[in-house]
Protein chains: 2
Amino acid sequence: MPKPSHRDKLLQIGMQVVHERGFRGASVRDIVQAAGVPQGSFTNHFASKEAFGLEVVELYLANARGLIHATLRNEALAPLQRLRDYIAGGVRGEQDLRNGCLLGNFTAEANDCGEALRLRVVAAFAEIQHALAACLRAAAQSGEIAAATDCDETAAFILASLQGAMLLAKAQRSPAPVQRFEHVLFGSVLRRPDATH
Amino acid sequence: MPKPSHRDKLLQIGMQVVHERGFRGASVRDIVQAAGVPQGSFTNHFASKEAFGLEVVELYLANARGLIHATLRNEALAPLQRLRDYIAGGVRGEQDLRNGCLLGNFTAEANDCGEALRLRVVAAFAEIQHALAACLRAAAQSGEIAAATDCDETAAFILASLQGAMLLAKAQRSPAPVQRFEHVLFGSVLRRPDATH
């Protein structure tokens, strides 16, 4: 296996540092020290901290695509099971609870981290929402949810509510808000109107 | 009217600066400059930035209590109208869309801003959730929602989902996520099972 380049180390380790401390909370010095590379490497590889932030979002999204592939797009599972697995995938361990979602963190942290970064995060959210909507359409086709479900609107609702649940989970250091969201989602929002009580 | 003290100025203006730039993004220097007070004032009045952050949360919660009093606890309105007014109150203007909820921002920003600050934010969320639950109980008593509604669980769901909707509204600079949440909440989560379609 080739040795990871300083650039790869800065991105991989830097993403963890940003996830833990926030984008502004993670200084270039913190990132360079955590990655164990010379201070000058950062400026050699990234034009600015914002340029680095854009690549961190890209890398985080690449990981999120892995989860989406294994859950929302996993045709071996029934559509609603894919959705359940996707939701569970966001709060698998202590670290997830402490760090929350990096995209949500970027959004909440400040409104002046740069317009390019905001737009990149919005596009990442849109990509996740698109995968949620495709999964809901499969559920509507298979009859697991009502055929008349507005899958795009419902996907947008799920995306936002899941962000909120993960935010509260992070505040409370407990998976309960995510479990509660799942309960409301499957018990009421996605419940077929003809389902028996 | 007495002249506002440096302490009041630091808190009032500092809260705005923290709301706009995040807690870590707002340096003591930024806060002191925005408040137009001497640099030394900050350390005269606050033992640390975390101590300042705790008072900022307190002040933000005092404002939130004003909104809760005018909406969730406003007995001149039908219970579900109180809830609608409360939700609408969070995204009244351009600034709300840009800044989001300060409590959510504190939570998302980083997980090492100090345990005291995290616990204070969790307590503030609990206070808001309590007011939401009381409003839902009034709605259940008046028959606006099902009598069997678990008001505490539903209040916790609303609190979290509203945080998520405000987070997406902040990302997208649009009130659409909050309106979508309202639509799902009133159209499905709080809908009485015997309601006509």
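Residues numbered from 1 in each chain as written. Chains lettered and ligands numbered in written order. Predicted model: local features only at pLDDT ≥ 70, side-chain atom pairs only at ≥ 80, totals over all residues. Heavy atoms only, no water.

### Description of the overall build of chain A
Within chain A one finds 10 helices and 0 strands. When the elements of chain A are put in sequence order from the N terminus, they spell out α-α-α-α-α-α-α-α-α-α. For the C-alpha atoms alone, the extent of chain A along its principal axes is close to 65 × 35 × 30 Å. In chain A, which comprises 197 residues, the share counted as buried stands at 51%. Total accessible area on chain A stands at roughly 8800 Å², and carbon and sulfur atoms take up 51% of it. When the 21 positive and 20 negative side-chain charges of chain A are each reduced to one mean point, those points stand 5 Å apart. (Helix = DSSP H or I, 4+ residues; strand = E, 2+ residues; numbered from the N terminus. Buried < 20%, exposed > 50% of the residue type's maximum accessible area, 1.4 Å probe, protein only. Areas by Shrake-Rupley, 256 points an atom, 1.4 Å probe, with all protein chains shown as cover. Lys, Arg positive; Asp, Glu negative; His and termini not counted. Charge placed at Lys NZ, Arg CZ, Asp CG, Glu CD.)

### A short note on the pattern of salt bridges
Residue and element names in this part refer to chain B. This model, assessed by the stated rule, comprises 16 salt bridges over all chains. Linking Arg120 and Glu58 is a salt bridge whose minimum nitrogen-to-oxygen distance equals 2.8 Å. In this pair, Arg120 sits in helix α8 (residues 115-142) while Glu58 sits in helix α4 (residues 49-70), placing the two residues 62 residues apart along the sequence. (Salt bridge = Lys/Arg side-chain N within 4 Å of Asp/Glu carboxyl O.)

### Focus on the packing of helix α7 (residues 102-109) of chain A against helix α7 (residues 102-109) of chain B
Taken N-terminus to C-terminus, the directions of α7 of chain A and α7 of chain B make an angle of 130°; their axes are 8 Å apart at the nearest point. Regarding the angle of α7 of chain A to α7 of chain B, the classification is oblique. Considering only the axes of α7 of chain A and α7 of chain B, their crossing is left-handed. Each of Gly104, Asn105, Ala108 and Glu109 of chain A in α7 of chain A lies in contact with α7 of chain B, whose residues at this interface are Gly104, Asn105, Ala108 and Glu109 of chain B. Broken down by class, the residue content of the contact of α7 of chain A with α7 of chain B amounts to 2 nonpolar, 4 polar and 2 charged. (Axes fitted to C-alpha atoms, helices over the stretch in contact; angles between N-to-C directions. Parallel < 35°, antiparallel > 145°, perpendicular 65-115°, else oblique. Left-handed = near helix turned anticlockwise from the far one by under 90°. Contact = heavy atoms within 4.5 Å. Nonpolar A, V, L, I, M, F, W, Y, C, P; charged D, E, K, R; others polar.)

### Thoughts on the packing of aromatic side chains
All names here are of chain A. This model, assessed by the stated rule, comprises 10 aromatic pairs over all chains. Judged by centre distance (6.3 Å) and plane angle (55°), the ring pair of Phe157 and Phe181 falls under tilted. Residue Phe157 is found in helix α9 (residues 151-172), and its partner Phe181 is found in helix α10 (residues 176-189); the two are separated by 24 residues along the sequence. The same class applies to Phe157 and to Phe181, which are both buried. Note that Lys49 overlies the ring of Phe23, its terminal NZ or CZ placed 4.5 Å from the centroid. (Phe/Tyr/Trp six-rings, centres within 6.5 Å; stacked < 30°, edge-to-face > 60°. Lys NZ or Arg CZ within 6 Å of the ring centre and 35° of its normal.)

### Things to note about the side chain of Gln163 of chain A
Within the fold, Gln163 of chain A resides in helix α9. Residue class for Gln163 of chain A comes out buried when judged on its relative accessible area of 8%. Dropping the residues within four chain positions of it, Gln163 of chain A is found in contact with Cys101, Gly104 and Phe125 of chain A together with Gly164, Leu167 and Leu168 of chain B.

### A short note on the relation of the copies chain A and chain B
Once chain A has been moved 0.0 Å along the axis and rotated by 180°, it coincides with chain B to within an RMSD of 0.0 Å. Both copies are brought into coincidence by an operation consistent with a two-fold rotation axis. For chain A, the smallest separation between a C-alpha atom and the rotation axis is recorded for Gly164 of chain A, amounting to 1.7 Å. A high fraction, 100%, of the interface residues of chain A reappear at the interface in chain B, so the copies pair face to face through one surface. (Least-squares fit on C-alpha atoms with pLDDT ≥ 70 in both.)

### Things to note about the state of the cysteines
Residue and element names in this part refer to chain A. Within the structure shown, the criterion is met by 0 disulfides over all chains. We note that Cys151 lacks a disulfide partner, and the nearest cysteine sulfur, in Cys135, lies 9.4 Å from it. Here Cys151 falls in the buried class, since its relative accessible area comes to 7%. (Disulfide = S-S within 2.5 Å.)

### Re the side chain of Glu109 of chain A
Inspection of the secondary structure puts Glu109 of chain A in helix α7. This buried residue, Glu109 of chain A, is left without a salt bridge; Arg24 of chain A holds the nearest opposite charge, at 5.0 Å. One polar contact links the side chain of Glu109 of chain A to the main-chain amide nitrogen of Phe23 of chain A, over a distance of 2.8 Å. Residues within four places of Glu109 of chain A in sequence aside, it is in contact with Gly22, Phe23, Arg24 and Gly25 of chain A together with Arg21, Gly22, Glu109 and Lys170 of chain B. (Polar contact = N/O pair within 3.5 Å; in protein donor to acceptor, adjacent residues only side chain to side chain.)

### Some remarks on the confidence of the model for chain A
Residues with a pLDDT of 70 or more make up 96% of chain A, whose mean pLDDT is 92. Among the prediction metrics, the complex's ipTM stands at 0.94, with pTM recorded as 0.94. (pLDDT = per-residue confidence, 0-100.)

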